[in-house]
Amino acid sequence: MASRHGQKKVKEEAPELVKAREERESAILKDYLGLKEILKEVIDSQKRDNDALKVTTALLRKSPDYYTVWNVRRTILKEGFLDSADDDTANQIYTNELDFVQENLKLNPKSYWMWNHRRWCLEHMSQPRWDRELGMVNKFLEIDSRNFHGWDYRRYIIRQLDLVDKEASDKVLDRAQAEFDFTTNKIHKNFSNYSAWHNRSTLLGKLAEAMTEEEKESIVDNEFDLVKNAIYTDPEDQSAWLYDLWLIGREQKSISVLGASVISFHPLEIVVAFDQTVKLRNAFTVSTRLEHVAVPLEGEWKATGSDASLGSVWIFQQAPGAVYGPTVEVLIFTEDVCAVRAGSTLQSAVCFELETLNQDLNEISGQLTRLVVGKNLMFDVTKRIGPVAGPDGTIETQPSSSKHLVTSLTSSESLEGRVELLQREIASVRELIEIEPDCKWPIQILSTLLSELRETVSIHSMQAKDIDDECIELQEKLISIDPLRQERYEDRRTQLVFDRETLSIIKDSKRFPEIEFAPEQPRELDLAMRGLTHIPTSSYFIHLHSLNLDSNAIKSTRFLRNLLNVRRVNLSNNLIERLEGVQHAPSLEFLNLENNMIAKWEDVVAGFVFWREGKLARTGCSVKVLLGLNPVIENEGGENVLEQRWEDVGEVGIEIQWKSNELLLAEQEELEQQLQGAKDDGGEQGSFKMDGNRRVSTTVVEIATGH
């Protein structure tokens, strides 16, 4: 007999009970569908009477989340009753609606549409009872203190009451204190009440307006004590941890202009690299000097890749017929770019200068000189920035400092104060990890705090390296104890490893948030076997000639679009499923994609769409691509079939090797063994050598001569 161990016991219903239940459900469904048909007739006929209203009432009692019915109900009320009603009658209609909603909220207190309908009623009443509403929502939060709909509605009610009392600041402040005390009460009853923690964060700033600095410091200390009590009580709950992070604050990230370089002189092409994806609000200003007169240089800015309006690498191409002089300048103003990442801004204007007399790219580095923005430039910056101060003719660029938000109560300009706060909280979290070593939340918070601390030190320092190493270990720990979120931790680990391994590319500085390229750029970079899942900032690689990414876990080749100078890329033994971005790499000569996950012919061809327009038309070069050991070979009929299909495509300048180097080497060894056997038998002497995917004979035939 089959074992039932571990199987859930299911109570079997008697057949007559099952039949009765099915009949009831069928009747309910039939009634509901009938009401929907009647509603359709009401909408089509534009009826606006009591019968139409009753249909919506019946439907909403059966399905309170049917938002279309709420919209129809409001239309019936407005056009059939409210438009012709006096204030008293209208207020009574709205009051009846509030009672109807409250009755239904008891059945489903988390319905968006009912809370929205309640707001609509109140906002159209001549004299809404906001205090009555506050009492009502209190009752709902007594029943379920974590109902975020109720908390959101409560904040809405408080805002309305504050508008009523906007001339009485004392009342507004007293109400904020009462709400703050309300959150304290709810948090003490249940530390896992995220809505209460969030509401608390919205109130602190308002309360701080009437506080002295000493009072602010005191309340901040009290908040940290409350959070510590919560996380020690239940370290697995995220609510208090998220509030803790809000208290500590995160440094505002700035957009960094990493640098600029020239990649072509005919036509002139200038590249500007950012540390993150940006959009252009205004085209960057490009100027040149002709006959001692500064003039704008006409051209177009485009991002690399298929979307020319968005990217981290931007290319300026000189317009046909435009002429440039011995010096070219590029000016980027703060308002010219906006970041995709929320909150990031360019802190100060940036200027680059290009000397065009020497146009040999093999002799010059290609990097443009970064200038101080001031009056001595070709472009009159006062048109965009305003008056320029300073006796030397330069302006003081905006400082790269950012306020370290400790809470909404206070901010600190002091780096020492920021470090002290971070070190104190890091010590506290370490203490908890010793007690709960396998709890994921303190490990995540520790990693975040260490990353914040790293931004306060020199990025090339040993302290920064130690922090990176520990953060990487913490992500590996999280992968082991929380496998459901493995990909998230792997991506975070990738970012940390990438930052550590690319330090030679970035100029050393005392601290973030702004970074730039080092004066001397490496031409080769080995990132093999680093466990990378993606390339976080491919704009770092615009100067590389060779990049080794063998044996990682990279899934996309899109980053290749930013590798403008790269010749050789090794992406063998990764997880790539489709070729993308290859057509935008103008200098690529060799690409190894052996042993990836490319399974379909279409995923190969996709990498070379518009190849001729994107690459060959500019350079006339060719590229060799290794695709051996990919599933596409078996799926599409083998190497010979694919070789023929690729010949039929007729793409000039692209050589694809479908056989792996390992297989080619094995074939060569087998041939050499056969030749050696033939030699031993007295046959011809010679050998074969492998040239790419072609077999070349070097056999030497000995011809006997007569005597």
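Just so it is clear, the model here is predicted, and its values are computed rather than measured. (Residues numbered from 1 in each chain as written. Predicted model: local features only at pLDDT ≥ 70, side-chain atom pairs only at ≥ 80, totals over all residues. Heavy atoms only, no water.)

Novice: Explanation requested: the packing of aromatic side chains in the structure shown.
Specialist: Here the distance between the centres and the angle between the planes together describe a pair of aromatic rings. Scanning the model with the defined rule gives 19 aromatic pairs in all. Judged by centre distance (6.0 Å) and plane angle (55°), the rings of Trp70 and Phe100 are tilted. Within this pair, whereas Trp70 is found in helix H3 (residues 67-80), its partner Phe100 is found in helix H4 (residues 87-105), the two being separated by 30 residues in sequence. Consider the rings of Tyr153 and Tyr156, whose centres lie 5.8 Å apart with planes at 35°: the pair is tilted. Remark: Tyr156 and Tyr153 occur in helix H7 (residues 148-164); sequence separation between them is 3 residues, near one turn of the helix. For the pair Tyr153 and Tyr156, a shared accessibility class is recorded, and that class is buried. Site record: aromatic cluster; members linked through ring pairs are Trp115, Trp130, Phe140, Tyr153 and Tyr156. For Arg73, the ring lying beneath its charged end belongs to Phe100, and the centroid distance is 4.4 Å. Seen from the ring of Trp601, Arg645 lies directly overhead, with NZ or CZ sitting 4.4 Å from the centre. (Phe/Tyr/Trp six-rings, centres within 6.5 Å; stacked < 30°, edge-to-face > 60°. Helix = DSSP H or I, 4+ residues; strand = E, 2+ residues; numbered from the N terminus. Buried < 20%, exposed > 50% of the residue type's maximum accessible area, 1.4 Å probe, protein only. Lys NZ or Arg CZ within 6 Å of the ring centre and 35° of its normal.)

Novice: What exactly am I supposed to notice about the packing of H3 against helix H5 (residues 112-124) here?
Specialist: When two helices pack together, their arrangement is captured by the angle between the axes and the distance separating the axes. In the contact formed by H3 and H5, the axes pass within 10 Å of each other and the chain directions differ by 20°. By the criterion of interaxial angle, the relationship of H3 to H5 is roughly parallel. In this structure, H3 meets H5 at a crossing whose hand is right-handed. Mapping the contact onto sequence places Tyr67, Trp70, Arg73, Arg74 and Leu77 in H3 and Trp113, Met114, His117 and Trp120 in H5. Of the residues in the contact of H3 with H5, the class split is 6 nonpolar, 1 polar and 2 charged. (Axes fitted to C-alpha atoms, helices over the stretch in contact; angles between N-to-C directions. Parallel < 35°, antiparallel > 145°, perpendicular 65-115°, else oblique. Left-handed = near helix turned anticlockwise from the far one by under 90°. Contact = heavy atoms within 4.5 Å. Nonpolar A, V, L, I, M, F, W, Y, C, P; charged D, E, K, R; others polar.)

Novice: Sorry if this is basic, but what is going on with the nonpolar core here?
Specialist: Inside soluble globular proteins, nonpolar side chains tend to come together where they are buried. Core analysis: the biggest nonpolar cluster contains 99 residues, and Phe541 and Trp658 have the highest contact counts within it. For Trp658, the contacting residues outside a window of four places in its chain are Trp601, Val604, Leu627, Gly628, Leu629, Val632, Ile633, Glu639, Leu642, Glu643 and Trp646. (Core = buried A, V, L, I, M, F, W, Y, C linked by side-chain atoms within 4.5 Å.)

Novice: Got a minute to help me understand the sheet that holds strand S19 (residues 623-626) in this structure?
Specialist: The pairing of strands in a sheet comes from backbone hydrogen bonds and takes either a parallel or an antiparallel form. Strand order in the open sheet formed by 6 strands is S15-S16-S17-S18-S19-S20, and the pairing between neighbours is parallel. Each edge of the sheet is formed by a strand with only one pairing partner; in this case those strands are strand S15 (524-526) and strand S20 (654-657). On average, adjacent strands in this sheet sit at an angle of 5° to one another, irrespective of strand direction. Relative to S19, strand S18 (residues 590-592) runs parallel, the two being bridged by 3 bridges. Following the sheet pairing, Phe590 is matched in S19 by Lys624. (Pairing = 2+ DSSP bridges.)

Novice: What is the right way to look at helix H13 (residues 440-454) in this model?
Specialist: Structural remark: α-helix, 3.6 residues per turn; residues separated by three or four positions point the same way. Taking 1.5 Å per residue as the helical rise, H13 with its 15 residues ought to reach 21 Å, and the 21 Å between its terminal C-alpha atoms agrees with that figure. Within H13, 15 of the 15 residues are buried, which leaves it mostly tucked inside the rest of the structure. (Expected span 1.5 Å × (residues − 1).)

Novice: Even after reading the chapter, I still don't get a negative patch on the surface, so can you show me in this structure?
Specialist: Taken together, the side chains of Glu214, Glu215, Glu217, Asp221 and Asp225 make up a negatively charged region of the molecular surface. Secondary-structure assignment places Glu215 in helix H10 (residues 213-233). The class for Glu215 is partly exposed, based on a relative accessible area of 41%. (Patch = residues over 30% accessible without salt bridge, like charges linked within 9 Å, V, L, I, M, F, W, Y side chains within 5 Å. Areas by Shrake-Rupley, 256 points an atom, 1.4 Å probe, with all protein chains shown as cover. Salt bridge = Lys/Arg side-chain N within 4 Å of Asp/Glu carboxyl O. Lys, Arg positive; Asp, Glu negative; His and termini not counted. Charge placed at Lys NZ, Arg CZ, Asp CG, Glu CD.)

Novice: Looking at this structure, I do not really get the side chain of Arg155. What am I missing?
Specialist: Looking at where Arg155 falls in the secondary structure, it is placed in helix H7. The residues touching Arg155, leaving out its near neighbours within four places in the chain, are Ser195, His198, Asn199 and Thr202.

Novice: Got a minute to help me understand the sheet that holds strand S8 (residues 327-332) in this structure?
Specialist: Read from one edge to the other, the open sheet built from 5 strands follows the order S5-S4-S8-S11-S12, with strand pairing classed as antiparallel. Lying at the two open borders of the sheet, with one neighbouring strand each, are strand S5 (293-296) and strand S12 (369-371). When the angles between neighbouring strand axes are averaged without regard to direction, this sheet yields 30°. Taken together, the 4 bridges between strand S4 (residues 285-290) and S8 define a ladder with antiparallel strand orientation. Bridged to Thr288 within S8 is Val328.

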